[in-house]
Amino acid sequence: MSDPITVSEKQAAYRVLARKYRPSDFSGLIGQAPMVQTLKNAFEAGRIAQAWMLTGVRGVGKTTTARILARALNYKRGDVDAPSIDLTQPGEHCAAIMEGRHVDIVEMDAASHTGIDDIKQIIDGVRYSPVSARYKVYIIDEIHMLSEKAFNALLKTLEEPPPHAKFIFATTEIRKVPITVLSRCQRFDLRRVEADVLTRHLADIADKEDVEIDDASLAMIARAGEGSVRDALSILDQAIAHTNANVDEQSVRTMLGLADRGRVVRLFEKLMAGDMVGTLEDFKSLYDQGADPAVILSDLAQFTHLVTRLRFVPQAAQMDVSLSPEERDLGLQFSQQLSVQTLGRAWQVLLKGISEVETAARPFAAAEMVLIRLAHAADLPTLDQAMKQLETLRQNPDLAATPAASRPGGGNGDMSAGGGMTPHTLSTSSDGSAPTMRLVSNGPTPVSEPAPAPVTPQVAINSLQDLVALCDKNRDPLMKAHIRQYLLLGSIEPLSLTVGLAEGAPQSLLGDLSKKLQDWTGERWMVSLARDAVGETLSQQDEAKKLALVSDASRDPEVAKILEKFPGAKVVNVRLADAEAIENEFPMADGAEDVPDPSDDD
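Residues numbered from 1 in each chain as written. Predicted model: local features only at pLDDT ≥ 70, side-chain atom pairs only at ≥ 80, totals over all residues. Heavy atoms only, no water.

1. Details of the overall build of the protein
Helix and strand counts for the protein stand at 26 helices and twelve strands. Within the span of the protein, comprising 602 residues, buried residues form 40% of the whole. Summarising the internal contacts of the protein: among those between residues at least 6 apart in sequence, 68% fall at separations of at least 24. Carbon and sulfur atoms form 52% of the exposed surface of the protein, whose accessible area is close to 34900 Å². (Helix = DSSP H or I, 4+ residues; strand = E, 2+ residues; numbered from the N terminus. Buried < 20%, exposed > 50% of the residue type's maximum accessible area, 1.4 Å probe, protein only. Contact = heavy atoms within 4.5 Å. Areas by Shrake-Rupley, 256 points an atom, 1.4 Å probe, with all protein chains shown as cover.)

2. Brief notes about helix α19 (residues 363-377)
The end-to-end C-alpha distance of α19, which contains 15 residues, comes to 21 Å, matching closely the 21 Å that a straight helix rising 1.5 Å per residue would cover. When we look at burial in α19, the residues that qualify are F364, A366, A367, V370, L371, L374, A375 and A377. Contacts made by the buried residues of α19 are with α13 (261-273), α14 (276-288), α15 (293-312) and α18 (340-359). (Expected span 1.5 Å × (residues − 1).)

3. Focus: the nonpolar core
Core analysis: the largest hydrophobic core is formed by 39 residues, its most contacted members being F268, L297, L300 and F334. Elements represented by at least two residues in this core include exactly α13, α14, α15, α16 (316-319), α17 (325-337), α18 and α19. Here the element with the most residues in this core is α15; it accounts for nine residues. Listed in part, the 29 residues of the second largest apolar core include V36, I68, A70 and M98. (Core = buried A, V, L, I, M, F, W, Y, C linked by side-chain atoms within 4.5 Å.)

4. Observations concerning the packing of aromatic side chains
Tallied over the full model, the rule gives seven aromatic pairs. Ring geometry for Y138 and F167: centres 5.4 Å apart, planes at 20 degrees, overall stacked. Placement of Y138 in strand β3 (residues 136-141) and of F167 in strand β4 (residues 165-171) is noted, with a sequence separation of 29 residues between them. Accessibility classification places Y138 together with F167 in one group, the buried group. Judged by centre distance (6.1 Å) and plane angle (90 degrees), the ring pair of F303 and F334 falls under edge-to-face. Of the two residues, F303 is situated in helix α15 and F334 in helix α17; the sequence distance between them amounts to 31 residues. Across the pair, exposure class does not vary: F303 and F334 are buried alike. (Phe/Tyr/Trp six-rings, centres within 6.5 Å; stacked < 30°, edge-to-face > 60°.)

5. Considering the pairing of β4
Among the seven residues of β4, seven are classified as buried, and the element is accordingly described as predominantly covered. In this region the chain leaves β3, passes through helix α7 (residues 148-159) and returns to the parallel neighbour β4; the handedness of that crossover is right-handed. (Right-handed = clockwise from strand over helix to strand, strands pointing away.)

6. What about the pairing of β3?
The buried fraction of β3 is high, at five of six residues. One ladder, built from five bridges, connects strand β2 (residues 105-109) with β3; its direction is parallel. Each residue of the ladder has a partner; that of M108, found in β3, is I140. (Pairing = 2+ DSSP bridges.)

7. Remarks on the sheet that holds strand β11 (residues 496-501)
Strand order across the open sheet formed by three strands is β10-β11-β12, with mixed pairing between neighbours. The open sheet has two edge strands with one neighbour each: β10 (487-493) and β12 (526-529). Averaged over all pairs of adjacent strands, the angle between strand axes in this sheet comes to 25 degrees, irrespective of strand direction. Pairing between β10 and β11: six bridges, direction antiparallel. Bridge pairing links E493 to S496 in β11. Contacts from helix α22 (residues 477-486) reach β10 and β11, with the element oriented near 100 degrees to β10. Relative to the sheet, helix α23 (residues 509-521) contacts β10, β11 and β12, its axis offset from that of β12 by approximately 160 degrees. (Axes fitted to C-alpha atoms, helices over the stretch in contact; angles between N-to-C directions.)

8. Section: a positive patch on the surface
There is a patch of like positive charges on the surface, built from R15, R19, R22 and R230. A residue is classified by how much of its surface remains accessible, and R19, at 54% relative accessible area, is exposed. (Patch = residues over 30% accessible without salt bridge, like charges linked within 9 Å, V, L, I, M, F, W, Y side chains within 5 Å. Salt bridge = Lys/Arg side-chain N within 4 Å of Asp/Glu carboxyl O. Lys, Arg positive; Asp, Glu negative; His and termini not counted. Charge placed at Lys NZ, Arg CZ, Asp CG, Glu CD.)

9. Quick look at unusual backbone geometry
With a phi close to 55 degrees, D210 is a non-glycine residue in the positive phi region. Inspection of the secondary structure assignment puts D210 in the loop between α9 (195-208) and β6 (212-213). The exposure class of D210 is exposed, given its relative accessible area of 67%. One non-glycine residue, L495, lies in the positive phi region at around 60 degrees. Its location among the elements puts L495 in the loop between β10 and β11.

10. Thoughts on the confidence of the model for the protein
On average, the protein scores 79 in pLDDT, and the residues at 70 or more come to 80%. Note on residues 405-455: pLDDT is under 50 here. Beyond four places in sequence and across chains, it has 95 contacts. (pLDDT = per-residue confidence, 0-100.)

11. Regarding the pattern of salt bridges
Tallied over the entire structure, the rule returns 19 salt bridges. A salt bridge links E209 to K20, with the nearest nitrogen and oxygen atoms 2.8 Å apart. A residue pair is termed long-range when its members are at least 10 positions apart, and E209 in the loop between α9 and β6 and K20 in helix α2 (residues 17-20) qualify at 189 residues. With a relative accessible area of 26%, E209 lands in the partly exposed category. A relative accessible area of 39% means that K20 is categorised as partly exposed.

12. Looking at the side chain of H102
With respect to the secondary-structure elements, H102 resides in the loop between α5 (94-98) and β2. At a separation of 3.1 Å, a polar atom in the side chain of H102 contacts the side chain of H93. Non-local contacts of H102, meaning those with residues more than four positions away in its chain, are made with H93, A96, I97, S132 and A133. (Polar contact = N/O pair within 3.5 Å; in protein donor to acceptor, adjacent residues only side chain to side chain.)

13. Structural notes on the sheet that holds strand β1 (residues 51-55)
Spatial strand order, β2-β3-β4-β1-β5: five strands in an open sheet with parallel pairing. Every other strand in the sheet has two partners, leaving β2 and β5 (186-189) as the edge strands with one partner each. Strand-to-strand twist in this sheet, taken as the mean axis angle between neighbours without regard to direction, amounts to 15 degrees. The sheet contact formed by β3 and β4 spans six bridges and is parallel.

In structure tokens:
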């Protein structure tokens, strides 16, 4: 009778799922069919590259693919002695390669070996033939971490390697790899695994491990993996340990700090309907049950994306097996009720709000403010609707004093018994487009107030010269120089300035000018760019005037005589003296004697 297995022996024998179910051949790689097909064709045609670059997010199988590729290059068994993609039967070198202990397969982590000395070891060793395998294969993981000198040292060997050497590189940051290295490699972009494919893969592994798990839990784990097989398997491993091999939806949600997907859908419904009391209560309930505020907003953003996608591709609801029945049915319903403008605005508010919540000192309060902001933003008209309303008021000024509910097309939704809008009303846009859920109120309709009178600026600015004078008054020579050198006048209106920019103008000039004007005048000026502005800057105008004066002075008979007396002399500048100043300095009253000629002897 054999001895019982102790706890320590069980722990020693246990391997995490990500390692236990690591693929050993190309058939086990899920979601990477294009790469496998390309390699199969290349091996069959004998067009085997000298170097490969594998790129993709973490956990999609870059290192595993590199080892399988090294195994395929060195495949050998009794009746086969050539590189092969068919690895169903283990070869002589397969076990050692997949376990990372083959002498001819050199694996290096560039994150911890970044210097040129590490690459020199590879360059020195690549000259020698393999000990037992067909090819000496160098696998460098996270190659983007190499230093610039290390990349340069690798280039020559990578371009002209010996026939017995192959290189396989893996990286998550392909943009950090020099183009000189990329141009010498055959590149494969390993894709994120789709949620439905990953769900089926997790279900197969759960069956092999005799783990009871429902479809909703598998879908949550697949979504949490975000396309990474390793991350999904790690979460599944954690869920099995958390529930003692009996995984249910509630336990997975608690473990991951996720919100109930069905409750997120209902939260979205109340949010779009304008039920702020119900929205904040549901949000507080989800938070009390352990859901992270940022995760709740992320789930809302994901559902917003789903609704928008179903508006254009309704059949996607049946194709995605990771969706719950509630998400599928209500997603299709909302896609027909909500306009694209409303969904787009909700997406923008949520996307910005997620980053705010993640960095906020009080995430719960920050998330509540995002929800309130989103509900109010849902009631704002789109740009085209606002323009139409303004045009209607411009054509019918009498409507400005009419309550909105009394205007033609001004009432959105059904009127409740109390005369106000019901908070859960599905309204229709005034332009007749798709219906839109809006935040409404049961309070009295506000009375429109008359438009304020146009503002007259306290400081009159009618030209660029006035701007220059304002710079002199406020002692800002730098802004004065920029105005003279780079600004082209477009138009000037009260508190509004439209200008063009000459070549070489600083990018921040318009913003700086707007801020200066607000500081100097105490009023907010709108400074906008006119790309079609023509003309000359003040500096160009002054230069043109100077050239004209110099030209006129050079043609003067007296000046011409002086220039003849001094060969090579020329007029470089002309200053016009003030006539009154000349009269004061040299009075020429009637009967006065002429000013004596300095050339006279007397």
